[in-house]
Structure formats: C-alpha cells, structure tokens
Amino acid sequence: MDDLEQRYQIAEDAEPAGVVSVESELIDFATGVSLIDADTQAILTGKTLETQVLATAGNCTPILITNDENRPALVNPINRPQSEVETSLLGVQRSETALALFDTVNIYGVNSKEWSSSTGYNYGDDPVDWTNRFDSNGLVYGGGIAVHAPSESAVVARAYPPPVSFTYSFDDNSGRFPGGYTDGVASANWTSKRAFRYQPGRVSGFTLGVRMSTETNTDGEIIQWGCKNDYGDGYFFQLEKGTDLYIVRTSPDLGTLKVARENWNGDKLLVGQGLTGWGLDLSRVTMFKIEFSWYGAVGAQFLAYVPDGNGEARWVQLHYISAENQFTKPSLRSAYLRLFTSVNSVAGATKPTFIYLYGSSVYIDGGDKGTVTLGTAALEAPKNIDSNSRSMIGLNIKGSINGVPNQKAVYPVSLSAYASVPARFDIIFRSNGCGGVQYGYGAGTSISRGQSSLITVSDSGNNQLSIASGTFPDISAEVSGSTSYLSGRRVRVTGAGIYNTHVVAINSGLTTITTDRPIPAGTTSIRLSRLDAWAVGDVTIPSGIINGNILRKNDAGYWRLGLWPQASGTYDETKEVVWFASAYSRLAFGSNGQPDGEGRLPPGCNENTAFTVTTGTTSIVSAGGNSVSVSGSPWPIAIVAELMDGATISDLTIFETNNITTAGSGATKAIPTFTTSGVSQSSTAAGGAGYIAHKFEDALSDPLSAVLVDRQGSKVMPIDGRVTTVFVGSGETKQFSLDHVFGPDKMFITGAPGTQFNSGGLFVMATARTGSGIASAMLNWEEQ
C-alpha cells in the first residue's frame, strides 16, 4: 500500500472531542485471532472506549485513494457550503474586483441628479386638508408621497388614499362633481435617473437594503423593488397584501413571469425549511440582490443576505430563472435597467403602504469602462460676444435614437475655448422642470398685461351686479363660449372673494351684468378681466411649412394662444384664429365643501403644441384639437396671444419640421418682438431683435450619439446654474479638463426630454471681460 503520510487529512491542531463507548470484537492479544464462543461459535464482543477525534467534519477534507492510476476517481466535496455568489451566472469563478456603476446611502438628503420620484392619486384635485387628514388610528392619509427620511438615511415611497374622495357641493364644470368615489388609487416610486449599462460577458448586479409594510392585507396593495427600464423589461420582487411574496420578470416580447414563493427553486426563507431555515420578516431591514447577464438569453438569480447558522450570515439564492435556449426572442428587449422601488395602495386600506430604501448599488463583476463612446461638438464659426453672457454651445439629450428610447448618460470631459478679447467661459446646467425656460429650442421675449380699472358696483341679487354710474363696456359679444377660452371670449369678474366667475349676460343698457356664480355679499367694486389686449408675433410660419410645434413658457395669469392664417393687416377680434392653448381658472375647495380660492390650469410648465397645415382649394390649419378652414393659401401664419389682466407669457418659439422626425433638425425661430395692443413687452431676455433660437441637431461626429447639439443659438441666459468657470486671455486658445466636474460618480446629463428622467440641458456661455470681440468653443464628452 502507498505511504499515507502525506495524505493525512485531519488538521494538526485538532482537539479530541472525547471518548465514546463502542461494541468491539475481542481479540487474542498474543495471536491477533478473534475469540469465539465454544458453544455457539459466535465471535465474542465487549464494551471498549474509543477516542472521538472531531465532533464535526467541518475541519476535515475527504480523501479517496485508488490503486488504479489509469482510472482517477472524481471527488465532489459536499461538506463545504459554497456561496451562491462565488461564481457568476455564466459559470465563471469571480476573481476580479467588481466595478461599481452606482452606489448611494441617502444620509443628507436625496441627490436630485441621481434620483427621480413620482407620486399619483386619481383624486389629486381634492382639497389638501381632505386628502391629508387623520384616520381613526391617528395615521395620516395622503395619497402618494415620496420623501427623504433623515432619521433613517432612507428614501420613502408611501401610499395611503382616503377611503372616499371629496364630495363637491355643486358642479363647477371641472368634471369633479359630485365626488364621493370609493375607487381611489395612490402610488409612489423612486427611480434612479441613469439606466445602468450592460457589458457583454459580464454579470450586472443590483443590491437594495429595504424594509416595508406587511400588515395591511388589502387587495390591490403592491410593493415592488428591483430594476426595470422604459421598454417594460424588469427583474424585481413583489409583495402583495403585505403577505404574498413573488419574484417577477417582465419583458414585452415574453410577457410576465410571476413566481410565487412556494415555487422558488432556492431557499424560500421559511422557518425550518431550506438551507437556512430562516423566516424572512420584510418589516425588518433586509438586503436583496438581483444578478443577471444577457447575451440575448442568460438567466437571472435573486438573493437575500440572511442569517445562516449561529451568528453567521451570507447571500442565499432564492430563485434562479433559466433562459438558455428557451425562447425565440431575447429574454430582455434592453439590458439597460434602472434601480427602483414603488408602492401602490387602494381606498379601503386600513394602514399605509410603504417601502424604505436605505443603501443601494449597481455593479458589474469586473471589466472596464466597456461601452463608453466619445463625442465632440465645435462651432461652425465664431460668435460675437460682449458683456452679456451668450450661449456658444448647448447639449440636450435625445428622446430616442433611431426610434429606440434613449437611456444613455453623458459626461463632458474637456472644453476648448478661444476668444479675441479677455473672456470668461461658464458651463451652466439648466433644469427642465416646470417653470423653467424651454431649453430644447431656446426662448423669445416676454409679453405681459397690467390690471384693468376698478368699477364701482352694487349687488342687485340673483347673481346680478349694477354699475354705480355710467355703463359697463359693451361685452355683449363676450358672454358665451368655453371657460377654457378655446372658443368664444369670456369675461371674468375679479375682486375680493370672487373666484372663477364669468359674465353670462349684460342688459341692453349696459348697466347690469349677470354672473355664473354668486357674488359675495358686500361687494362694492370689481374688475372686468377681458381677452381684449393682444400681441402678434413678428416671426411667422412661412409658405410651405406644413407641420411643426409652438414652444412656450407658461408663466402667469390667464391668456390664450392661436394661429392666424393669412396674417395681414391689423389684427382684431373678428379674425379667424385657431385657438390652440390657454391658461384658465377653476375653483379650489376647502374641506368644508365650499370654494375657498381658485387654481390655474395648466398649473405652469414648459409646453408645446403641434400644428399641421393641409392645402388645397380649401386649406386647413390645425392645432390643439381645433382647426380653421381658409380659401387658398393659408400662409403666412402668425402667432397671436390674447391676455387678461395680470397675465404674462414668454419664450414663444416656432419649430418648423416638415415631417422631419429628429428633434431640433428643422428651423427654430424665437419671436423677439410682437406687434401689440394693450400689452407691454421686453426683449432683453431674448438678446434683442437679432436673436436666433437654439437649434439642437444630431452630433456630427456620431449619428447614434445620445446628444443633440446647438451651435446656432446665442441666448442671453442667467448663470444661476453655473457648474464651472474658466478664463482665457486675448487671442488665446486653451483646453480645460472637466474630469473634476463630470463622471459616472459626479454629474451627468441624461433622460428623454419631457420625461421624469430628463436632467436638463448643458450650455457653454461666453462673456467678454473687456470690450467686445469673437469667441469659439469645442466640447468633448463620453456617453454610455
């Protein structure tokens, strides 16, 4: 037999576990022959004490010896528990350091550059004090809420709709009457702004530390956490009614796979079952991990970090989804996914539905920058600069690339700058949130209107007011039509305690008006707010342009916008106009059921409206759901704005496309001046009459780039969003690194314009420090 000296497998420092009594054969010590009972011939046995070397096999390595060198024996050691994360989904031993793409703990607040949230409640127009009242247990309702929880360094998504919506005392033509509905649904979510890149041959991982509500037991309650994208692909956990736990994979091409807990093929995390025997409690903080690869068809595994043994914990696989050679289409339409948490609750729930997100991260198991591509943009010709800061280059993110939703992130890496005079170059970031400038295409001037004169009146009863002396203006032609002002010209009555009230009639002597709502008792003066002050844009839609968009910033007050075909001569109220957009009022109610103010619709945001022109013997100009027919050619077409008291509207821009689908690829024309009547205007924000709107086009260096580049605009812009500043001397050309500002772990721009993921636009501004001259710039970036 071979010498076994080198095959000794018990640890040298192993301690005996003690002795044990065993039944052993009795042997003649001198001869070594077994002792036999003379009568029965049975081998005699007796009790002996035997040393037990180890209490467990945890320190031992099994060994198998074969005398046949040509037939080696395969050994499968089963006494060493192997972690489910030691090899990747592709069967590759993890030997590289994971490459972090994203990691965060929300200690000081929510990083708005990284996170986006949204909330919803289908009766969100109900009074705030009605929606946010206390329930019988002292808990606050509130619809959907997404907030930061500083005491726990977490972001919270919470939903708890009231059991019944608000009941309105009368119909105000807003569509809310009568209320009292019991089908309320509330939702809230947190989503990472970046869609994290997939690198072929690598495994992507998402980890989340979460805790959530588990006691509501209400049909319709859903909590989700994991990763997904805008296509409908996703891998996530789903808890229903606080008790029913599922693992879900979604894909537009393959449908939804929803695996109940009892059907998981790993540890179900139930007491006394599986490898750990641990009972999962989702109301306590737990780390979850989702790992997937792709190549079109690689599976995904779902894990949790839970106790395993005495005082130990490890990643435990809960379920594995196999995709290899299973499907006729890829298992995901896109492997670029976002990390998210979400909640959904319904009326009748007795407790809030919530999920707290603590630490979270996204990584790939090794590799490098992988799918990074480079882009560059330079001015076609230098621009004039002076003491006003003017835009040189602008970057915006495309909504789609060749029809595919764009999920890339962009990181500028360097700036080259030249100026003929001493100059300062600023990189500024401008958010695309409500109330901001329409950064997609630039901005024009502002127009505004002051207050009309007070009129002394007396209350005649029956919703009637009489003028104290003289007559009212002749508004007999302005008492019918929609109160959204898209038809007719309605006259609003304004004054103390008067809300969303319009004139419905005026007597022939012009001394008494009738309103659609009661006037507060004791009213002695009012104003009549009319659509009788107007402005016509000097820039028109020229002959041959058959479609495009009107871009605007919705500022304040009540107004309407229209397209005036065959614009010529002096505008008056008898002109045939396509009214396509307006800002108008509606009532706000208190929880007592009575009006206590008014709101403005739309509430105020960057907006645009598409227009189309069809030609023939009769031409049709259409926009905003309305249209006007004219004989012969409809061009030129002008933009008309009619404003009520206290109204302001700005940044009107015509975007001409003629069926070009790439955003910004048509002509863009801001309106720097208007022909006005009863309206004042300011052109300073637009840079004067010579201003040209921003025109964002495909980056010349790469048609598949995520970026739209503006080389045309020269807008005078505030620098309240300054990111970094550099200086050049007269006649100098310098290059500046931007690595300290931008990067995957710093600042980036991303997201489809018009979505919650859009982070905004980036602009390079130039300002002459002395005198005036010319300047040029070039911006380089990475995208992935």
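Treat the numbers as computed from the prediction; the structure is a model and nothing was measured.

Parameters at a glance
- Residues numbered from 1 in each chain as written.
- Predicted model: local features only at pLDDT ≥ 70, side-chain atom pairs only at ≥ 80, totals over all residues.
- Heavy atoms only, no water.
- Helix = DSSP H or I, 4+ residues; strand = E, 2+ residues; numbered from the N terminus.
- Buried < 20%, exposed > 50% of the residue type's maximum accessible area, 1.4 Å probe, protein only.
- Areas by Shrake-Rupley, 256 points an atom, 1.4 Å probe, with all protein chains shown as cover.
- Polar contact = N/O pair within 3.5 Å; in protein donor to acceptor, adjacent residues only side chain to side chain.
- Pairing = 2+ DSSP bridges.
- Axes fitted to C-alpha atoms, helices over the stretch in contact; angles between N-to-C directions.
- Salt bridge = Lys/Arg side-chain N within 4 Å of Asp/Glu carboxyl O.
- Contact = heavy atoms within 4.5 Å.
- Phe/Tyr/Trp six-rings, centres within 6.5 Å; stacked < 30°, edge-to-face > 60°.
- Core = buried A, V, L, I, M, F, W, Y, C linked by side-chain atoms within 4.5 Å.
- pLDDT = per-residue confidence, 0-100.
- Patch = residues over 30% accessible without salt bridge, like charges linked within 9 Å, V, L, I, M, F, W, Y side chains within 5 Å.

A separate point is the overall build of the chain. Regarding its fold elements, the chain presents one helix and 51 strands. When burial is assessed residue by residue, the chain has 49% of its 784 residues classed as buried. Accessible area for the chain stands at about 35300 Å²; split by element, carbon and sulfur atoms hold 50% of it.

A separate point is the side chain of threonine 512. As for its placement among the helices and strands, threonine 512 is situated in strand E30 (residues 512-515). For threonine 512, the side chain forms a polar contact with the side chain of serine 466, separated by 3.4 Å.

This part covers the sheet that holds E30. The strand order around the closed barrel formed by six strands is E26-E27-E30-E29-E28-E31, and the pairing between neighbours is antiparallel. Between one strand and the next, the sheet's axes are offset by a mean angle of 45°, whatever the strand orientation. Pairing of strand E28 (residues 492-495) with strand E31 (residues 525-529), which is carried by three bridges, proceeds in the antiparallel orientation. Note on E31: the bridge partner recorded for threonine 494 is arginine 527.

Cis geometry is adopted by the peptide bond preceding proline 178, which originates at phenylalanine 177 and carries an omega value of 0°. Relative to the helices and strands, proline 178 resides in the loop between strand E6 (154-160) and strand E7 (185-192). Residues leucine 601 and proline 602 are joined by a peptide bond in cis, for which omega reads -15°. Positionally, proline 602 belongs in the loop between strand E36 (595-601) and strand E37 (606-614). Phi angles above zero are rare outside glycine, and asparagine 325 is one such case at about 55°. Within the element layout of this structure, asparagine 325 appears in the loop between strand E15 (313-321) and strand E16 (338-346). Owing to a relative accessible area of 79%, asparagine 325 belongs among the exposed residues under this scheme. One non-glycine residue, asparagine 463, lies in positive phi territory at about 60°.

Another point: the pattern of salt bridges. Taken as a whole and judged by the stated rule, the model has 25 salt bridges. One salt bridge in this structure joins lysine 241 and aspartate 219, with 3.3 Å as the shortest N-O distance. Highlighted residues: lysine 241 in the loop between strand E10 (234-240) and strand E11 (244-251) and aspartate 219 in the loop between strand E8 (204-212) and strand E9 (222-228), separated in sequence by 22 residues. Accessibility expressed as a relative area gives 57% for aspartate 219, which makes it exposed. In this structure, arginine 492 engages glutamate 598 in a salt bridge whose closest nitrogen and oxygen atoms are separated by 2.8 Å. Here arginine 492, found in strand E28, pairs with glutamate 598, found in strand E36; they are 106 residues apart in sequence, far enough to count as distant. Given the relative accessible area of 4%, arginine 492 is considered buried.

Glancing now at the environment of aspartate 474. Counting through the fold element by element, aspartate 474 comes out in the loop between strand E27 (464-467) and E28. Under the relative-accessibility criterion, aspartate 474 is labelled partly exposed at 49%. Discounting residues that sit within four places of it in the chain, aspartate 474 has contacts with Leu510 and Arg530.

All told, the structure shown has 27 aromatic pairs when counted by the stated rule. Ring geometry for tyrosine 356 and tyrosine 358: centres 6.3 Å apart, planes at 20°, overall stacked. Taking the relative accessible area as the measure of exposure, tyrosine 358 reaches 13% and is therefore buried. On the numbers, 6.2 Å between centres and 75° between planes, the contact of phenylalanine 696 with phenylalanine 763 is edge-to-face.

Strand order in this open sheet of seven strands is E4-E7-E16-E9-E10-E11-E12, and the pairing throughout is antiparallel. Pairing within the sheet leaves two strands with one partner each, and these edge strands are strand E4 (115-121) and strand E12 (255-260). In this sheet, adjacent strand axes meet at a mean angle of 15° when their direction is disregarded. Pairing of E7 with E16 involves seven bridges; the strand directions are antiparallel. Counterpart to threonine 191 in the pairing with E16 is phenylalanine 340.

This brings us to the pairing of strand E50 (residues 761-768). Of all eight residues in E50, eight are buried; the element is thus mostly enclosed. Going residue by residue along E50, you find Gly761, Phe763, Met765 and Thr767 tucked away on one face and Leu762, Val764, Ala766 and Ala768 tucked away on the opposite face as well. Relative to E50, strand E20 (residues 390-397) runs antiparallel, the two being bridged by five bridges. Bridge assignment links leucine 395 to a residue of E50, and that residue is leucine 762. As paired strands, strand E24 (residues 423-430) and E50 are joined by eight bridges and run antiparallel to one another.

In this section: the nonpolar core. Formed by 51 residues in total, the largest nonpolar core has its most connected members in Trp225, Tyr235 and Phe292. If you look at the next biggest cluster of nonpolar residues, it comprises 40 residues, including Ala377, Ala409, Ala417 and Val726.

What follows deals with the pairing of strand E40 (residues 638-643). Across the six residues that make up E40, a large majority, six, are buried. Of the two faces of E40, the one holding Ala638, Val640 and Glu642 and the one holding Ile639, Ala641 and Leu643 are both buried throughout. The pairing of strand E32 (residues 533-537) with E40 spans four bridges and is classified as antiparallel. Bridged to alanine 535 within E40 is alanine 641. Summarising the sheet, strand E34 (residues 559-564) and E40 pair through six bridges and their orientation is antiparallel. Residue pairing across strands places leucine 563 opposite isoleucine 639, the latter belonging to E40.

Turning our eyes to something else, we now look at the environment of lysine 241. Residue class for lysine 241 comes out partly exposed when judged on its relative accessible area of 24%. Linking lysine 241 and threonine 218, residues 23 residues apart in sequence, is a C-alpha distance of 4.9 Å. Filtering out sequence-adjacent residues up to four positions away, lysine 241 remains in contact with Thr216, Asn217, Thr218, Asp219 and Glu221. Looking at lysine 241, its side chain comes within polar contact range of the side chain of aspartate 219, at 3.3 Å.

Let us look at the environment of threonine 657. Mapped onto the secondary structure, threonine 657 falls in the loop between strand E41 (648-656) and strand E42 (667-670). In this structure the C-alpha to C-alpha distance between threonine 657 and threonine 668, which are 11 residues apart in sequence, comes to 8.9 Å. Once you skip the residues sitting within four places of it in the chain, threonine 657 turns out to touch Asn547 and Gly548. Within the structure, the side chain of threonine 657 is placed 2.8 Å from the side chain of asparagine 547, a separation counted as a polar contact.

By the secondary structure assignment, serine 416 is in strand E23 (residues 409-419). Separated by 3.1 Å, the side chains of serine 416 and glutamine 735 make a polar contact. Apart from residues lying up to four places away in sequence, serine 416 is in contact with Lys734, Gln735, Ser776, Ala777 and Met778.

Of all residues in the chain, 85% have pLDDT values of 70 or greater, and the mean over the chain is 85. Note on residues 4-8: pLDDT is under 50 here. Beyond four places in sequence and across chains, it has three contacts. Across residues 76-83, where pLDDT falls below 50, the model places eight contacts with residues more than four positions away in sequence or in other chains.

Moving on, we get to a nonpolar patch on the surface. On the surface, a cluster of nonpolar side chains totalling about 200 Å² of accessible area is made up of Leu26, Leu35 and Leu44. Relative to the helices and strands, leucine 44 is located in the loop between strand E1 (18-25) and strand E2 (45-52). Given a relative accessible area of 31%, leucine 44 falls into the partly exposed group.

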